[in-house]
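Next come the chains, spelled out residue by residue.
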Amino acid sequence: MLLIVGLGNPGRRYAHHRHNIGFMAVDEIHRHHRFSNWRARFQGEAAEGQTGDEKIVIVKPATFMNESGRSAGDAMRFYKLKPEDVLVIHDDLDLAPGKLRLKTGGGHGGHNGLKSLDAHIGKSYRRMRIGIGHPGAKELVNAHVLHDFAKEDEEWREPLLRAIAENVGLLAEGDEANFMNRVHLASNGSAQRPVEGTPPPPAPASSRASGESRSGPLADGLKRLFRRDS
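An unreviewed UniProt entry lists the protein under the name Peptidyl-tRNA hydrolase, with Rhodopseudomonas julia given as the organism. Of the comments in the UniProt record for the protein, the one headed Sequence similarities (unreviewed entry) reads "Belongs to the PTH family." Its UniProt record gives the protein a comment under Subunit (unreviewed entry), which states: "Monomer."

For side chains of opposite charge, pairing can occur when their charged atoms come near one another. A complete count under the given rule lists 13 salt bridges for this structure. A salt bridge links Glu48 to Arg41, with the nearest nitrogen and oxygen atoms 3.6 Å apart. Looking at Glu48, the relative accessible area reads 29%, which means it is partly exposed. A cluster of three or more residues bridged by salt bridges with shared partners is formed by Asp27, Glu45 and Lys60.

The next point concerns the environment of Gly44. Turning to its location among the elements, Gly44 is positioned in strand β3 (residues 44-51). Sequence separation between Gly44 and Phe64 is 20 residues; the distance between their C-alpha atoms is 9.5 Å.

As a further point, take the UniProt feature "active site" (unreviewed entry) in the protein. The positions that UniProt labels "active site" (unreviewed entry) are, in the present scheme, His19. The exposure class of His19 is buried, given its relative accessible area of 14%. Not counting residues up to four positions away in its chain, the partners in contact with His19 are Leu7, Gly8, Asn9, Met65, Asp91, His111, Val145 and Leu146. A polar atom in the side chain of His19 sits 2.9 Å from the side chain of Asp91.

As a further point, take the nonpolar core. Of all hydrophobic cores here, the largest spans 33 residues; its most connected members are Ile4, Leu100, Met128, Ile130 and Phe179. In terms of residues, this core owes the most to one element, helix α5 (residues 154-166), which gives six residues. Counting residues in hydrophobic clusters, the runner-up holds 19 residues, among them Tyr79, Val88, Leu114 and Tyr125.

Conventions adopted
Sequence positions are assigned chain by chain, starting from 1 and proceeding in written order. Owing to the predicted nature of the model, reporting of local features is limited to residues with pLDDT of at least 70; listing and counting of side-chain atom pairs is limited to 80 or more, with chain, interface and lining totals taken over all residues. Values shown for side chains rest on all heavy atoms present in the structure; no hydrogens or waters enter the calculation. UniProt positions are given in the numbering used here, feature names are shortened, and annotations may be inferred rather than shown by experiment. One speaks of a salt bridge when a side-chain nitrogen belonging to Lys or Arg is within 4 Å of a carboxyl oxygen belonging to Asp or Glu. Residue exposure (1.4 Å probe, protein chains only): buried if accessible area is under 20% of the type maximum, exposed if over 50%, otherwise partly exposed. Runs of E in the DSSP output that reach at least two residues are strands. Runs of H or I that reach at least four are helices, and both are numbered from the N terminus. It only takes one pair of heavy atoms within 4.5 Å for two residues to be counted as in contact. For the purposes of these results, a polar contact is taken to be a pair of N or O atoms within 3.5 Å, where, inside protein, one atom must be able to donate a hydrogen and its partner to accept one; residues adjacent in sequence count only when each atom of the pair is a side-chain atom. We define a nonpolar core as any set of buried Ala, Val, Leu, Ile, Met, Phe, Trp, Tyr and Cys residues linked to one another through side-chain atoms lying within 4.5 Å.

Written out as structure tokens, the structure reads:
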């Protein structure tokens, strides 16, 4: 059995924030598979479902991000699971937008939701890190994570969330390598878009130096002179 905990903040105000990508992922899993209706449980919302022979429980804590561990701990104890049976889906500033990584254990990297989980269930749970990009300066981080995704982010976000939902059964089976391969193929070309506000890259040197870009009275005069001499 796999317990999947999506991290986010409850309520419409936060629904489309970058910090809520974990909620978005478990919502997509719920839509894609035949799960039970959401019910108020474990200081949040929970639903049960199955992929193949594997049972999956998904949870969205209603404790707000900073107390996510309380909800996850309640669910883990109810089902008599170990931290290794828990997969937490969360946003990650240190990954480019649309990048996805899986890992087990490790540090919290300043993420308040992970700090709470470490305190309540230990550090050996599994993690799905979804990149939202870094705004470039520490003082801009709070506004970045607690702000809606930009419209253009849908180009990588929707294919990625759909691929996670379609292949979540592989995670329940413990086949992380195949999961990563399928997600990469399904969302290839849509990930790693620049963070909102990043200036476009400069034109290639070859384009800047090409004769097609040279125009103006001086250039036209030189062309006429060379044609008379030839």
